[in-house]
Amino acid sequence: MIQIGGTRIPMQEQKVQERIKNFYSVPLGYTEKEVVAEAQRCILCKDAPCEKFCPVNMKIRDMIRKVAERDFKQAFLIAKEDNAIPAIAGRVCPQENQCEGVCPLGIGFTGNGINIGKLEAFIADWAMENGIKEKFYVKERAEKVALIGSGPASISCAVDLRKFGYKVTIYEALHKAGGVLQYGIPAFRLPKDIVEYELSYLTEIGVEIKLNNVVGQNIKFQKLNQEYDAIFIGTGAGAPLFMGIEGEKLKGLYSANEFLIRTNLMKAYKFPEYDTPIVCGNKVGVIGAGNVTMDSARCAKRLGAKNVQILYRRTKKEAPARDEEIQHALEEGIILKELVNPTRILGNDMGWVNGIELIKMKLGKPDKSGRPRPIPIQGSEFIMEVDTVVEAIGTKPNRLFLTKTPELETTDWGTIKVDKNLMTNIKGVTAGGDAMRGNATVILALGDGRKAAKTVHKYILMKNST
Amino acid sequence: MNKIVAKQELATKIKLVEIYAPESVEEAKPGQFVILHIDEKGERFPLTIVDANISKGTISLVFNEVGKSTKQLGILEEGDDILNLAGPLGNPSEIENFGRVLCIGGGVMIAPLWFVASALRKAGNEIIGVIGARNKDLLIFEDEMKAISDEFYITTDDGSKGYTGLDFLNKILSQKNINRVVTMGSVVTMKAVSEMTKSYGIKTMVTLTPIMVDGTGMCGCCRVSVGGEIKYACIDGPEFDGHAVDWNLLVSRKRIYLPEERISSLLNERLGGINP
Ligand SMILES: Cc1cc2nc3c(=O)[nH]c(=O)nc-3n(C[C@H](O)[C@H](O)[C@H](O)COP(=O)(O)OP(=O)(O)OC[C@H]3O[C@@H](n4cnc5c(N)ncnc54)[C@H](O)[C@@H]3O)c2cc1C
Ligand SMILES: Cc1cc2nc3c(=O)[nH]c(=O)nc-3n(C[C@H](O)[C@H](O)[C@H](O)COP(=O)(O)OP(=O)(O)OC[C@H]3O[C@@H](n4cnc5c(N)ncnc54)[C@H](O)[C@@H]3O)c2cc1C
Ligand code: FES
C-alpha cells in the first residue's frame, strides 16, 4: 500500500551494547521493502526544495521517484549524475541542514522528512552488490591532469576529467587513498569496503592513483606543473590545531587527527594484531562538538573507555556535528558536557595527563558565526579527572605543501585563494575542497571537484585554440 | 611495493638495506628520512636515508633491530618487498661551506651522519669526524667516515677502541677553531654533545627522532619543543639547533608506548618474526 506523507520508516541499528564493542556500521540499512515504503512517502513537490538545498543539486526528486517504483538501477544512475560517491555522501552528508531539512514532511516534525541520505546509501549499496556501474564512453585526449590529494574533492574531479577524456593521475601522500574518508571517518560510520569500492572504480575508469607520493617532498609541485597540462589541488585541511593551553605536551593528550589516524588508518583498535598502538584511558575528555569530536569520542568508547565526556563551550543546540552523530554518541553513553572550556591540562610527575581544568561558560550575543558567543564566567574554574584528552577543535591546511609552493596565493588562514571558477593565481592550477575552504564537508568537496574539472577543461580547450 | 635489492649485516643487530625506490631517489638528500610500512598490519616507522643511488634507483637505510618493526625488516631478504615507502620526508640537513665542521655520529646513526658529512665535505668544509658506539664491535661505517674526514676519532663507552666516552671532545672543541657541530645518535649522545658545545658557543645541529605516524604534519605526534616553541619534527625538522631542544620532553614522549612495544616484541618473538 502506498502511503504518502506519514511517518519516517525507522532505521534498524546495531544494539548499543553490541556496537560499542565493535567498529561495524551502526545503521544496518533499509531493506528493499522499507526503502520503497520510505520513498513512497514522498509527495514529489513541484519545486523540489531538497534539490535546491543540495550543494550539488542532485536530482533528488527523480531519484526518490525511481526508488518508489523499485527501479533502483535508474535511481542509482540519477544519483551518480551529480554525485560521484552516493554511497558515501548518503552516509556522511549533514542532510538535516540540506535536503532533509527543507522536506515539507519534516517541517514542524523534525526528523520526519524523507530519509534521503539512507535512500541514497541504499541504492548505491544495491548497485555495488549487483555490479551496476555508471558506464560512459571516453574519447581519449592527449592532455594530462595531475590531482594532488585523493579525498572526495579529487575523487569527483578525477571522474569528470576522465569523462572529458583526460589522462588523470592522483598523487596521494598516504599509503591509502580516500583522504578523510579513509583516515578520519571511522568504519562504524563509513565502512572501509565502501571507500575501497569507490576507489577501485576510479582505477577501472582509468585513473592512475600514485600512493606514497608527497608533493613537495619526493616530487615537486613545480615539476608536476611542467609535466602536466593542468593541476587540481585537493590536499585538504589535515593539520591539527591545538588550543595552545598549558599541558599540551603531556602524554595522553592527542590531536583528534592522531587519535583517528591511529585508530582508523592504522587500525590500532586491532592492536596487537596490527602493530600501531594507541593509549586510551578510562576517563576520556574530548574537546569540541563537531563530527570529528563525535568520531573521537565514539572511537574512545570502542577502545574500551568507561567514561567519555565531550567538553563543549556552547550547548548541544549549537553543536556543529550531524544530528545523527550526536544522537548516536549520546545513546552510546557519551556525556555531552555543555558550557565548559579547557584552560589547562594537568599531568602527573611521569608526564601523563591526569586532569583537565575547565572554566564554566555562558552564552552571550550571537557572534560572526551567528551562534551565541560563549563567555567565560570568571573564577568558575574547576578540575575534572581524566587520563586521556583528545583535542578536536578543527584543522587547517597542511603547511608542508604550502611552504613548498610559495608562488601559490593563500589567505591568512592558509587556505588557497581561488577565483569563482576555482582557478588559483597560477594558470592552469585549480584548487578545491578543504584546502580552499578550510574545514567543510564531503559534499562541498565533491561539488568543487566537479567545478574544477569544468574549469580545467575550459582552460585546456582555450590553450589549444590559441 | 619496494624491493630490497641488497642487504648486509654491519654489526650485531645492525643491518643495511638497499631498497629500490625510484620515486624517492631523485629528491633524497642527506638528513632526510623515509617512512616504511612493511605490510598491511605493520606500523609506519621512519629511518634516515644513508645513501641514494640515482642510476640504480635505490636508497640505503641502516637500522638497529630494537623492536617489532625493525626486527621484521631485519628478517626480510634480498628480493623481498616492502609494501609502502614514502619519502624523502623532512628537510635536508643544512649544507653550506661553514669552514670546519665537527661531525659526531653515535651507534646506528653513524651511517646517516656519514651521508651528511660527505655532503658537507663536498661543499668545501674541513671535516673532523668522530664515531662512537657502546663497544668496538658495534662500530659501523668506520672506513667510510675515515675516508671523508680530515681528522678522525673513535670513541667507545667501554674503551674497547679509541677514546672512552665523550670527554676528549673538550680538547678538540677548545683547541680547534670549529664553526659548526653536527651530531646524530642516541638522545643521550646528542644531549651530551649539545651541552658541551654550548659553553664554547658553537652552533650544534642535532637530528630528533620522536615517535611518528604519517611524517607529513598531519597528526602532531612528533611534536618537540625547540626554543620554547612546539615544532613538528617531521616537517619542521628533523634537524634542529641542539642548544634549544627540550631533551626531557623528547625522552618522555619517546616512552609513550613502552608497554605496547614490549607486547609487540614478545608476540613477534613467539611468532617467529612474521605477521600472522
Ligand atoms: C573525523 C572527521 C569526520 C568528518 N565527518 C564529516 C561528515 O560526517 N560529513 C561531512 O560532510 N564531512 C565530514 N568531515 C569533513 C570532510 O571529511 C572534509 O570536508 C572532506 O574530506 C574534504 O575533502 P578534500 O578532498 O578537500 O580533502 P581530504 O579528504 O582532507 O583529503 C586530502 C588528501 O590530500 C592528501 N595530501 C595532503 N597533502 C598532500 C601532498 N602534499 N601530496 C599528496 N597528497 C597530499 C592527504 O593525505 C589526504 O589524503 C569530517 C572530517 C573529519 C576529519
Ligand atoms: C626521523 C627519524 C629518523 C630515524 N632514523 C633511524 C635510523 O636511521 N636508524 C634506526 O635504526 N632508527 C631510526 N629511527 C628510529 C626508528 O624509527 C625506531 O627505532 C623504530 O621505529 C622502532 O620500531 P620497532 O617496532 O622496531 O621498535 P619499538 O619496540 O616499537 O620501539 C622502540 C623505540 O623506538 C621508538 N619508536 C617506536 N615507534 C616509532 C615510530 N613509529 N616512529 C619513531 N620512533 C618510534 C620509540 O622511542 C620506542 O621506544 C628514526 C626515527 C625518527 C623519528
Ligand atoms: S608524524 Fe604526524 S605530524 Fe609529524
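Since this is a predicted model, take the numbers as computed values, not measurements. (Residues numbered from 1 in each chain as written. Chains lettered and ligands numbered in written order. Predicted model: local features only at pLDDT ≥ 70, side-chain atom pairs only at ≥ 80, totals over all residues. Heavy atoms only, no water.)

**Q** Residue-level account of the overall build of chain A, with values.
**A** Looking only at helices and strands, chain A has 17 helices and 16 strands in total. In terms of its C-alpha atoms, chain A occupies a principal-axis envelope of roughly 65 × 60 × 50 Å. Burial analysis of chain A (466 residues in total) assigns 61% to the buried set. Counted over contacts in chain A with a minimum sequence separation of 6, partners at least 24 positions apart contribute 69%. (Helix = DSSP H or I, 4+ residues; strand = E, 2+ residues; numbered from the N terminus. Buried < 20%, exposed > 50% of the residue type's maximum accessible area, 1.4 Å probe, protein only. Contact = heavy atoms within 4.5 Å.)

**Q** Can you break down the sheet that holds strand β2 (residues 167-171) of chain A residue by residue, with the values?
**A** Residue and element names in this part refer to chain A. On the basis of which strands lie adjacent, the open sheet formed by 5 strands has the order β3-β2-β1-β4-β16 and parallel pairing. A strand with exactly one partner marks an edge of an open sheet, and here the two such strands are β3 (208-210) and β16 (429-431). Taken pair by pair, the neighbouring strands of this sheet meet at an average axis angle of 20°, ignoring direction. Docked against the sheet, helix α17 (residues 442-465) engages β1 (144-148), β4 (230-233) and β16, running at close to 165° with respect to β4. (Pairing = 2+ DSSP bridges. Axes fitted to C-alpha atoms, helices over the stretch in contact; angles between N-to-C directions.)

**Q** So what about the pairing of strand β11 (residues 353-366) of chain A? Which residues, and what values?
**A** Two faces make up the sheet, and in a regular strand the side chains alternate between them. Residues and elements named next belong to chain A. Of the pairings in the sheet, the one linking strand β10 (residues 340-347) to β11 comprises 7 bridges and is antiparallel in character. Residue pairing for β11: Ile345 is matched across the bridge by Ile356. Strand direction decides the pairing type here: β11 and strand β13 (residues 382-384), joined by 3 bridges, are antiparallel. Within β13, the residue paired with Glu357 across the bridge is Ile383.

**Q** So what's going on with the site of ligand 1? Which residues, and what values?
**A** Residues and elements named next belong to chain A. If you check the shell around ligand 1, you find 35 residues, and the closest are Val92, Ala153, Glu172, Arg189 and Asp434. Contact distances for ligand 1 include 3.4 Å between an oxygen atom and a side-chain N or O atom of Asn291. Ala440 has a polar backbone atom sitting 3.1 Å from an oxygen atom of ligand 1. If ligand 1 stood free it would expose 1,000 Å²; the protein chains cover 96% of that surface. Of all the elements in the fold, those that place two or more residues in the shell around ligand 1 are α8 (152-164), α13 (291-302) and α17. (Near = heavy atom within 4 Å. Polar contact = N/O pair within 3.5 Å; in protein donor to acceptor, adjacent residues only side chain to side chain. Areas by Shrake-Rupley, 256 points an atom, 1.4 Å probe, with all protein chains shown as cover.)

**Q** Can you explain the nonpolar core? Please cite residues and give values.
**A** In this structure, A:Ile60, A:Met63, A:Ile123, A:Leu147, A:Leu161, A:Leu181 and A:Leu202 are the most contacted members of the largest nonpolar core, which totals 75 residues. The element best represented in this core is α17(A), accounting for 9 residues. If sequence neighbours within four positions are ignored, A:Met63 has contacts with A:Met58, A:Ala75, A:Ile78, A:Ala79, A:Ile116, A:Glu120 and A:Ile123. Counting 50 residues, the second-largest nonpolar core is a separate cluster that includes B:Ala11, B:Ala21, B:Ala133 and B:Phe152. (Core = buried A, V, L, I, M, F, W, Y, C linked by side-chain atoms within 4.5 Å.)

**Q** Tell me about the interface of chain A and chain B, residues and numbers included.
**A** Often, the extent of an interface is quoted as the loss of accessible area upon association of its parts. With 45 residues of chain A in contact, the opposing surface of chain B contributes 46 residues. Between chain A and chain B, the buried area comes to about 3,900 Å², and carbon and sulfur atoms account for 51% of it. Among the residues of chain A in contact with chain B, A:Gln217, A:Lys249 and A:Asp275 are the three that bury the most area, contributing 17% of the side total. Across the chain A-chain B interface, the total number found is 7 salt bridges. (Buried area = accessible area lost by both parts, 1.4 Å probe. Salt bridge = Lys/Arg side-chain N within 4 Å of Asp/Glu carboxyl O.)

**Q** Just give me the short version of the side chain of A:Thr263, but keep the residues and values in it.
**A** All names here are of chain A. As for its position among the elements, Thr263 is in helix α12 (residues 256-265). On the basis of relative accessibility, which here comes to 0%, the residue Thr263 falls in the buried class. Not counting chain neighbours up to four residues away, the residues in contact with Thr263 comprise Phe23, Ala268, Tyr269, Ile278, Cys299 and Leu303.

**Q** Any chance you could break down the confidence of the model for chain B for me, citing the residues and the numbers?
**A** Confidence in the prediction of chain B, expressed as mean pLDDT, is 95, and 98% of residues score 70 or more. Model confidence for the complex: the whole-complex pTM is 0.95, and ipTM, which rates the interface, is 0.94. (pLDDT = per-residue confidence, 0-100.)

**Q** How would you summarise helix α2 (residues 68-75) of chain B if you had to cite specific residues and measurements?
**A** Counting buried residues in α2(B) gives 6 out of 8 residues, a clear majority hidden from the surface. Along α2(B), the residues classified as buried are B:Lys68, B:Ser69, B:Thr70, B:Gln72, B:Leu73 and B:Gly74.

**Q** Can you break down the site of ligand 2 residue by residue, with the values?
**A** Residue and element names in this part refer to chain B. The full set close to ligand 2 counts 25 residues, and Pro46, Thr48, Ser69, Thr70 and Glu261 are the nearest of them. Between ligand 2 and Glu43, the relevant distance is 3.1 Å, taken from an oxygen atom to a side-chain nitrogen or oxygen of the residue. Contact distances for ligand 2 include 2.8 Å between an oxygen atom and a backbone N or O atom of Ser69. Protein burial of ligand 2: of its 860 Å² of free accessible surface, 90% is covered by the chains. It is strand β4 (residues 45-53) that provides the largest number of residues to the shell around ligand 2, a total of 4 residues. Taken together, the residues of the shell around ligand 2 sort by class into 14 nonpolar, 6 polar and 5 charged. (Nonpolar A, V, L, I, M, F, W, Y, C, P; charged D, E, K, R; others polar.)

**Q** Please give an account of a positive patch on the surface that cites residues and values.
**A** All names here are of chain A. Taken together, the side chains of Lys420, Lys451, Lys454 and Lys458 define a basic patch exposed on the protein surface. For Lys458, the position within the fold is in helix α17. Note on Lys458: relative accessible area 59%, which makes it exposed. (Patch = residues over 30% accessible without salt bridge, like charges linked within 9 Å, V, L, I, M, F, W, Y side chains within 5 Å. Lys, Arg positive; Asp, Glu negative; His and termini not counted. Charge placed at Lys NZ, Arg CZ, Asp CG, Glu CD.)

**Q** Please provide a residue-by-residue account of the packing of aromatic side chains, values included.
**A** According to the stated counting rule, one finds 12 aromatic pairs over all chains in the structure shown. Considering the side-chain rings of A:Phe23 and A:Phe188, the 5.7 Å spacing of their centres and the 55° angle between planes classify their relative orientation as tilted. Here A:Phe188 lies in the loop between α9 (180-183) and α10 (192-204) and A:Phe23 lies in the loop between α1 (16-19) and α2 (32-40), a separation of 165 residues in the sequence. Residues A:Phe23 and A:Phe188 agree in their burial class; the two are buried. Aromatic pair A:Phe72 and A:Trp126: ring centres 5.6 Å apart, planes at 65°, arrangement edge-to-face. Note that A:Phe72 is positioned in helix α5 (residues 72-82) and A:Trp126 in helix α7 (residues 116-129), a separation of 54 residues in sequence. When the ring centre of A:Phe188 is taken as reference, the NZ or CZ atom of A:Arg302 above it lies at 3.9 Å. Positioned over the ring face of B:Tyr232 is A:Arg399, at 5.4 Å from the centre of the ring. (Phe/Tyr/Trp six-rings, centres within 6.5 Å; stacked < 30°, edge-to-face > 60°. Lys NZ or Arg CZ within 6 Å of the ring centre and 35° of its normal.)

**Q** Could you give an account of the packing of α2(A) against helix α4 (residues 60-68) of chain A, naming the residues involved and the relevant values?
**A** All names here are of chain A. Relative to each other, α2 and α4 sit at 130°, their axes nearing to 8 Å. Taken together, α2 and α4 sit at an angle that is classed as oblique. The chirality of how α2 crosses α4 is left-handed. Residue-level contacts link Val35, Val36, Ala39 and Gln40 of α2 to Ile64, Val67 and Ala68 of α4. (Parallel < 35°, antiparallel > 145°, perpendicular 65-115°, else oblique. Left-handed = near helix turned anticlockwise from the far one by under 90°.)

**Q** A description of the sheet that holds strand β8 (residues 307-311) of chain A should follow, citing residues and the corresponding values.
**A** All names here are of chain A. Spatial strand order, β6-β14-β7-β8-β9: 5 strands in an open sheet with parallel pairing. Across the chains shown, the open sheet's two edge strands, defined by having one partner strand only, are β6 (253-255) and β9 (335-337). The sheet shows a mean angle of 20° between the axes of neighbouring strands, direction not considered. Bridge count for strand β7 (residues 283-287) against β8 is 5 bridges, and the pairing is parallel. Within β8, the residue paired with Gly285 across the bridge is Gln309. Docked against the sheet, α12 engages β6 and β14 (388-391), running at close to 85° with respect to β6.

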